[in-house]
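# Structural description and commentary
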Amino acid sequence: MAAVKRNSSKSSGSKSTGQGLETKTEPSRMKQRDAGTEAAVQEKLTGGGVKTKTMQKAKTQTNAASAKDASVATEPTAAAVSEKQQAVSTPSSTAVMPLYTGDMVAKHLHPNRIACHSPESCLSQNFFQSGKKQLLITGLPKFSNACYTEEDIAKLLIPYGFQHGDDTIYVVPQIRMAFAVMPTVENVHNIIKVSIETGFFLKGSRLNLRVIAHDIARTPFEFYESLMGLMESPVQDNGSKTIFIKNISPSAARDLRETLKRISCVRDYLPLLNKVFIEFESIYDADRLGVWYSLLKQVPGYEVHRLKIPHRNCKAQPPKLPENALPDSKDAVAGATIPPLKFDVPPGSIAPFWVTMRTSPFLFPTMSPWFIIPDYLTVTGKDDIEASGHGSRFPTVMLTSLPEGNYTHEDVVRLVWRYFPKQNLHSLYYNVMVLPLQRRAFVFFTDWTRCCNFVQDHITDDVPFKGCKLSVHFVLDHMNPESSEKFQKEITDILV
């Protein structure tokens, strides 16, 4: 999940109420505890590195009280943001929603723009050589009060070989039309024959089945791109700015449209039957919808997918309009917060990052890091090591630019194993904390000398980790690991 708790543990006696390191959901906590025995992330290793530079963030806090005050001042809670938004934006809540191209399907999408074979030609033997398997279904009942679903249409086709999947049927109820893909040309031949002889009926309406002459791409993004093209509204995206929602009811789709007023920066909104496509103005804007879902208290009854994982081989940018990603306090999980407005991204922080959701597919990729980052000093040379001794004596290191996958907790531990005086299970699981969804790790050394030795050797050797050049940062906040469940919970609250 996104950042849900402020860095409140700079005071050794402070108590936190946060629930998760990368998420507030229980599965993510289990994933962190089991990080030593399973692969961290399933995505393929991409490699690459970044150029680092020395960076001193805000002046190191000299006492726990001032650290806590500074944190409180920069990390808005759901209640605070909701109150501010109500005070400032109440009049806009009744404003007329902008009309997108997707709202005007009936005006812009005409079935006669889609070339189809005649029914008679589909019954000839020559048709089997065409390879055409896409159907255009028109004449659906007028859609009112959610009188039918995508599943109802699929059930009519299944006896003739149709296989219901995410990319085998798309229904456009606004113009009483649907697109379906049959597995084989023979299936198409048979179903067209039945359509001519006896017909297909849904809610009293006879359906007209035709075979599309020029195939329309069927993957969700390609279909969205094709449909918007038919409406002469070209898509300006490769999929990373577009969110695909499936298994959503018409009423939930209407609620979602209201939510998008807060998320903002929506370029287009295309509601289909039980599916919705949302195209944002930028990849950073698309982040906010996934983060919003990650902070929701109520689990939505539908799936949320980003159609392409965002990548960029340079340092990530801070979240854009983070306050817009925070649900109202009544709808948000307890203690939900967002990253502070003054947000500094460490060198080596390269997208994608991930937040967890309580709905399928449970992970949402983001372009910006939506988690709290402690004060740090990036190390690029010996001078940085010497300088850090004047500002911090905490033997803690943050590693950024971890690969997307193909590594384990133990792989990270091997980088620092020889610097631990005691090499045991405690060191393995309590002195190294790997956060694969955030593509970073924290290493807690037993003393300052061993910490500096590791950093010095890392600078000298400059050995890539699984093809990635790691960036090393001294953590300027006090984080003292302990061998207990209590510490695991407290450190979780510190780092998120």
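Attention in this report is confined to the structure presented alongside it. Just so you know, these numbers come straight off a predicted model, no measurement behind them. (Residues numbered from 1 in each chain as written. Predicted model: local features only at pLDDT ≥ 70, side-chain atom pairs only at ≥ 80, totals over all residues. Heavy atoms only, no water.)

## With respect to the overall build of the protein chain
Along its length, the protein chain carries 14 helices and 17 strands. Sequence-distant contacts, at least 24 apart, represent 78% of the contacts inside the protein chain between residues at least 6 apart. Accessible surface computed for the protein chain: about 21,800 Å², of which carbon and sulfur atoms make up 51%. (Helix = DSSP H or I, 4+ residues; strand = E, 2+ residues; numbered from the N terminus. Contact = heavy atoms within 4.5 Å. Areas by Shrake-Rupley, 256 points an atom, 1.4 Å probe, with all protein chains shown as cover.)

## Brief notes about helix α9 (residues 283–294)
For α9, with 12 residues, the first-to-last C-alpha span of 17 Å sits near the 16 Å given by 1.5 Å per residue. Counting buried positions along α9 gives 12 out of 12 residues, so the element sits mostly inside the fold. Every buried residue of α9 is listed here: Ile283, Tyr284, Asp285, Ala286, Asp287, Arg288, Leu289, Gly290, Val291, Trp292, Tyr293 and Ser294. Where α9 is buried, its residues touch β7 (242–246), α8 (250–263), β9 (275–280), β10 (303–306), β11 (353–356) and β12 (363–366). (Expected span 1.5 Å × (residues − 1). Buried < 20%, exposed > 50% of the residue type's maximum accessible area, 1.4 Å probe, protein only.)

## Topic: empty space enclosed by the protein
One pass over the full model with this rule turns up four cavities of 30 Å³ or more. By volume, the largest cavity is sized at about 70 Å³. Contributing to the lining of the largest cavity are 13 residues, with Gln134, Tyr170, Phe179, Val181 and Phe223 lying nearest its centre. Taken together, the residues of the lining of the largest cavity break down into nine nonpolar, two polar and two charged. (1 Å grid on protein atoms, 1.4 Å probe; cavity = no way out; pocket = protein on both sides within 12 Å on 5 of 7 lines; lining within 4 Å. Points joined across faces, edges and corners; volume = space filled by probe spheres on them. Nonpolar A, V, L, I, M, F, W, Y, C, P; charged D, E, K, R; others polar.)

## Here's the deal with the packing of aromatic side chains
By the definition in use, this model includes 15 aromatic pairs. The interplanar angle of 75° and the centroid separation of 5.7 Å between the aromatic rings of tyrosine 407 and phenylalanine 465 together place this pair among those described as edge-to-face. Residue tyrosine 407 is found in the loop between β14 (396–400) and α11 (409–416), and its partner phenylalanine 465 is found in the loop between α13 (448–461) and β17 (471–475); the two are separated by 58 residues along the sequence. Overall, the relative accessible area of 1% leaves tyrosine 407 in the buried class. Using a relative accessible area of 5% as the deciding quantity, one classes phenylalanine 465 as buried. For the ring pair phenylalanine 420 and phenylalanine 445, a centre distance of 5.9 Å and an interplane angle of 55° mean the geometry is tilted. (Phe/Tyr/Trp six-rings, centres within 6.5 Å; stacked < 30°, edge-to-face > 60°.)

## With respect to the pattern of salt bridges
With the rule as written, the count across this model stands at 16 salt bridges. Notably, a salt bridge pairs lysine 466 with aspartate 411, separated by 3.9 Å at the nearest N-O pair. Linking lysine 466 in the loop between α13 and β17 with aspartate 411 in helix α11, this pair joins segments that are 55 residues apart in sequence. A residue is classified by how much of its surface remains accessible, and aspartate 411, at 14% relative accessible area, is buried. When the shortest N-O distance is used, the salt bridge between arginine 418 and aspartate 457 registers 3.5 Å. Placement of arginine 418 in the loop between α11 and α12 (425–430) and of aspartate 457 in helix α13 is noted, with a sequence separation of 39 residues between them. Residue classification places aspartate 457 among the partly exposed residues on the basis of a relative accessible area of 25%. A cluster of three or more residues bridged by salt bridges with shared partners is formed by Asp166, Lys246 and Glu303. (Salt bridge = Lys/Arg side-chain N within 4 Å of Asp/Glu carboxyl O.)

## With respect to the sheet that holds strand β8 (residues 266–272)
The antiparallel open sheet is built from four strands, whose spatial order is β8-β9-β7-β10. The open sheet has two edge strands, β8 and β10, and neither has a second partner. Pairs of neighbouring strands in the sheet enclose a mean axial angle of 15°, with direction left out of account. Against the sheet, helix α7 (residues 220–230) makes contact with β7, β8 and β9, and its axis sits at roughly 100° relative to β8, the strand it touches most. (Pairing = 2+ DSSP bridges. Axes fitted to C-alpha atoms, helices over the stretch in contact; angles between N-to-C directions.)

## Side note on the nonpolar core
In a soluble, globular protein the nonpolar side chains are often hidden away together inside. In terms of nonpolar packing, the biggest core is built from 33 residues, with Ile245, Ile278 and Tyr293 touching the most fellow members. For this core, the secondary-structure elements that each account for two or more residues are β7, α8, β8, β9 and α9. Apart from residues no more than four positions distant in its own chain, tyrosine 293 is found in contact with Ile245, Leu256, Pro300, Tyr302, Val304 and Met357. Val432, Cys451, Leu470 and Val472 belong to the second largest nonpolar core, which has 28 residues in total. (Core = buried A, V, L, I, M, F, W, Y, C linked by side-chain atoms within 4.5 Å.)

## Considerations on the sheet that holds strand β15 (residues 432–435)
Strand order in the open sheet formed by five strands is β13-β17-β14-β16-β15, with antiparallel pairing between adjacent strands. Each end of this open sheet is capped by a strand with a single partner; those strands are β13 (376–379) and β15. Geometrically, the sheet is characterised by an average inter-axis angle of 25° between neighbouring strands, direction not taken into account. Two elements, β14 and β17, share four bridges in a ladder whose sense is antiparallel.

## Brief notes about unusual backbone geometry
Proline 352 follows alanine 351 through a cis peptide bond whose omega is 10°. Among the structural elements, proline 352 can be located in the loop between β10 and β11. Geometrically, the link from serine 360 to proline 361 is a cis peptide bond, its omega value of 10° lying close to zero. With respect to the helices and strands, proline 361 occurs in the loop between β11 and β12.

## Description of α13
Here α13 is 14 residues long and its end C-alpha atoms lie 20 Å apart, about the 20 Å a rise of 1.5 Å per residue gives. Inspection of α13 places Trp448, Cys451, Cys452, Phe454, Val455 and His458 among the buried residues, and these make up the whole buried set. Axial view of α13: buried residues confined to an arc of 155°, hence all on one face. α13 presents Thr449 and Thr460 as exposed residues on the side facing more than 90 degrees away from its buried surface. The distance from a side-chain oxygen at the start of α13 to the backbone nitrogen of threonine 449 is 3.1 Å, and the residue carrying that oxygen is aspartate 447. Immediately downstream of α13, the backbone of aspartate 462 shows phi near 50°, a positive value. (Arc of directions from axis to C-beta. Polar contact = N/O pair within 3.5 Å; in protein donor to acceptor, adjacent residues only side chain to side chain.)

All we've got here are geometric facts, nothing functional implied.
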